[in-house]
Amino acid sequence: MFVYKYVFNGEVIYVGITKDLESRLSQHGRYGDNIDTEGWGKINNSKIFYLKVVNEVMADVVESELIRFYKPK
């Protein structure tokens, strides 16, 4: 399990969890998604940070705390 975040210009814009990090990241920002031009720029120019966790319970806790702390858009 992984917890990951997208960071654009020092701001956390997304936090998520996944079992397959590479596959999940390739799904973000696909054409046809309802994302405006500004959103595309942020997704394509973000830094991605991730943390491997031991199980789903820990992933849920870490994701919830990161969302609570950063309040991503």
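Residues numbered from 1 in each chain as written. Predicted model: local features only at pLDDT ≥ 70, side-chain atom pairs only at ≥ 80, totals over all residues. Heavy atoms only, no water.

**Things to note about a nonpolar patch on the surface**
- Together, Val54, Val57, Met58 and Val61 line one region of the surface with nonpolar side chains, adding up to about 400 Å² of accessible area.
- For valine 57, the location among the structural elements is in helix 3 (residues 56–70).
- For valine 57, a relative accessible area of 61% puts it in the exposed group. (Patch = residues over 30% accessible without salt bridge, like charges linked within 9 Å, V, L, I, M, F, W, Y side chains within 5 Å. Areas by Shrake-Rupley, 256 points an atom, 1.4 Å probe, with all protein chains shown as cover. Salt bridge = Lys/Arg side-chain N within 4 Å of Asp/Glu carboxyl O. Helix = DSSP H or I, 4+ residues; strand = E, 2+ residues; numbered from the N terminus. Buried < 20%, exposed > 50% of the residue type's maximum accessible area, 1.4 Å probe, protein only.)

**Some remarks on the pattern of salt bridges**
- Taken as a whole and assessed by the stated rule, the structure comprises two salt bridges.
- Close ionic contact of glutamate 56 with lysine 19 constitutes a salt bridge, the shortest N to O distance being 3.5 Å. Here lysine 19 lies in the loop between strand 2 (11–18) and helix 1 (21–27) and glutamate 56 lies in helix 3, a separation of 37 residues in the sequence.
- Judged by its relative accessible area of 61%, lysine 19 falls in the exposed class.
- The partner of glutamate 65 in a salt bridge is arginine 68, with the nearest N and O atoms 2.6 Å apart.

These figures capture arrangement, not role.
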